[in-house]
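Residue-level structure breakdown
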Amino acid sequence: MYDGTPLISNEWMYDPNVKYEDLEPHILVDLEFLTLETSGTITNVGVTNNPIVKESISIVKVDGSDSTENYQVNTNDNGQLKIKARPIRIKTYDAEKVYDGSYLSYMDAVSDETGNTYDIIVGSLGDGDYKLSVNDDYSKIRDVQFDVFGNVISTPNVINISVSLNGEDVTTNYEISYECGSLTVHVREVTISLVDKEKVYDGTPLTSTEYVYDDDTQYKFVDSEIVELINTGSITNVGTVDNENSSYSIYRENENVYRNYNLIVGKATLTVTPREITIKTYDKTRQYSGNPLTYLEALSEETDNYFDIVKGTLPIVKDIPHKLEVVSYLSILDLGDIKNKVIFKVMFGSNDVTSNYDITYEYGTLTITPRNVIVDILDVEKIYDGTPLTSNSWDHSLNTPFKVVEGEVLELVNLGSIIDVGSTDNENESYTVLRNGENINYNYNVVFNKGTLTVTPREITIKTYDETRPYNGEYLTYLEAISEETNNTYDIVVSTLAKENEALSVNEGYASI
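Residues numbered from 1 in each chain as written. Predicted model: local features only at pLDDT ≥ 70, side-chain atom pairs only at ≥ 80, totals over all residues. Heavy atoms only, no water.

**A closer look at the pairing of strand 45 (residues 451–456)**
Put simply, the test is: The pairing criterion for strands is at least two bridges between them, as found by DSSP. Think of it this way: any DSSP run of H or I at least four residues long counts as a helix, any run of E at least two long counts as a strand, and we number them from the N terminus.
Sheet analysis places strand 38 (residues 380–383) next to strand 45, joined by four bridges and oriented parallel. Counterpart to Glu 381 in the pairing with strand 45 is Thr 454. The sheet contact formed by strand 41 (residues 422–426) and strand 45 spans five bridges and is antiparallel. By the bridge assignment for strand 45, Asn 426 is matched with Gly 451.

If you want it as structure tokens, here you go:
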């Protein structure tokens, strides 16, 4: 059996091929002894011939005298030297750990008794400076091992030993057997909780894979590994939803090693809060026009807009902007003021997303002031007819800033009145502006330029008649000159008297002869 030293042998025997009954003539005489030397030698496991060195054969008698010459010694070289492998049995030990991303091997399996990672438990290496080394093909595991039923199983702690003596590999001189321990990697249990997330509405989904380790978790993820969580929670519009984990992947150098983990994930919430915006409308003041005043006339001097967002913004999602659309608004028609109140909705494409906004308003004021109108009371003239001359006729002054709104009626009550020939001022006493029969004087500020009323003389022509008689010592007057047609002493032949109750009378100083 191999022991690391050379095997040599000078032992000899009679040729076994010679039959016993024939052996007597071919053996040494009693009390004579044969010695010889062989040339064979072997150190490592194997077989080699062991030839006899014939020159070394010596036969001596018991008294020490040489008797070699008395023999004819025949030899053969059938002798062999054989070294058998030295049996040893090596034991490895058990090791287990929770998965940590590193390999588990015999180097982690240490005997509690010897402190070694392996020991020779049967046999020995022999005398000498022998050294054992473990070859690179030893068992090592990194991941948790499972059977077909999903149960964690162990892997034999197999090693392959090499033996060297003084730097020379002599492993082949040993028959090495093994008693293997086991290597076991256990599932790494990690407890995390998803983080509650909140954001202001922006039109995009809120999702989250952010997590924190629970205080009572024993393990964390291996530092070099990348964790990818797939969670159920997603919310776009204002509100709150649960965010729970549905699956996970854990990558180590592009390999998904999720089976090495038992991941316990606590749920969280995702919350979208309303987006705050402030919309400002502007002031507008104008005179009454008969048309309603709305936000469309109230423009900002700075932006030239009907309204502006003065706090907050509207988001743009995938190049599609959120837009404001007017839902309702206030208007004012008559004298007074109101808030320039406009109600908006927010649209994203064809979707009404107003419920996702907290809208506040800074309203301007819409104001209607009286309409300034300058009216000329028209000058009126007539020929005396015995009746009063009055007039409510008017027209817009050439320099009036505004006219009475088309469709509305201005009715005047003026002070002027004249009957007899002459002129008098015609000033306004009161007026009424009617819109569909309704008095809307409050919407107007009317200034009047007074007019003149004039009565001119009534032209009439009176005819007297001819009369001829003989002298009789009496005066001949109009009283004797009577019309043959009318039987009157005079008649109006052009125009008439203005009134029926007016009559002509002859003043003194009429002609007489």
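Now that the structure is up, let's keep going.
**Re the pattern of salt bridges**
Threshold: Counted as salt bridges are all cases of a side-chain nitrogen of Lys or Arg within 4 Å of a carboxyl oxygen of Asp or Glu. Between buried and exposed lies partly exposed: a residue is buried under 20% and exposed over 50% of the maximum accessible area for its type, with that area taken using a 1.4 Å probe on protein chains only.
Going through the model one piece at a time under the given rule, you end up with 14 salt bridges. One salt bridge connects Glu 179 with Arg 89, and the closest N-O pair in it is separated by 3.8 Å. In this pair, Glu 179 sits in strand 16 (residues 174–179) while Arg 89 sits in strand 5 (residues 86–92), placing the two residues 90 residues apart along the sequence. Residue classification places Arg 89 among the partly exposed residues on the basis of a relative accessible area of 28%. Residue Arg 252 is joined to Asp 143 by a salt bridge in which the shortest nitrogen-to-oxygen separation is 2.7 Å. With Arg 252 in strand 23 (residues 245–252) and Asp 143 in the loop between strand 10 (140–141) and strand 11 (145–146), this residue pair connects regions lying 109 residues apart in the sequence. Assessed through its relative accessible area of 5%, Arg 252 is described here as buried. Beyond isolated ion pairs, a larger network of salt bridges with shared partners links Arg 89, Lys 91 and Glu 179.

**So, the environment of Val 144**
The cut-off we apply is this: Contact criterion: two residues are considered in contact whenever any of their non-hydrogen atoms come within 4.5 Å of each other.
Structurally, Val 144 can be placed in the loop between strand 10 and strand 11. The buried category is assigned to Val 144, whose relative accessible area is 7%. Sequence separation between Val 144 and Thr 155 is 11 residues; the distance between their C-alpha atoms is 9.8 Å. Dropping the residues within four chain positions of it, Val 144 is found in contact with Tyr 99, Val 152, Val 185, His 186, Val 187 and Asn 260.

**Remarks on the sheet that holds strand 32 (residues 336–339)**
Sheets are built from strands that pair by backbone hydrogen bonding, the pairs being arranged parallel or antiparallel. Our working definition: As a rule, the C-alpha atoms of each element are fitted with a line to give its axis, helices using only the stretch in contact, and angles between N-to-C directions run from 0 to 180 degrees.
Spatially, three strands are ordered 28-36-32 in an open sheet, and the strand pairing comes out mixed. Two strands close off the open sheet at either side, each with one partner strand: strand 28 (284–287) and strand 32. In this sheet, adjacent strand axes meet at a mean angle of 15° when their direction is disregarded. Strand direction decides the pairing type here: strand 28 and strand 36 (residues 365–369), joined by four bridges, are parallel. Bridge pairing links Gln 287 to Thr 369 in strand 36.

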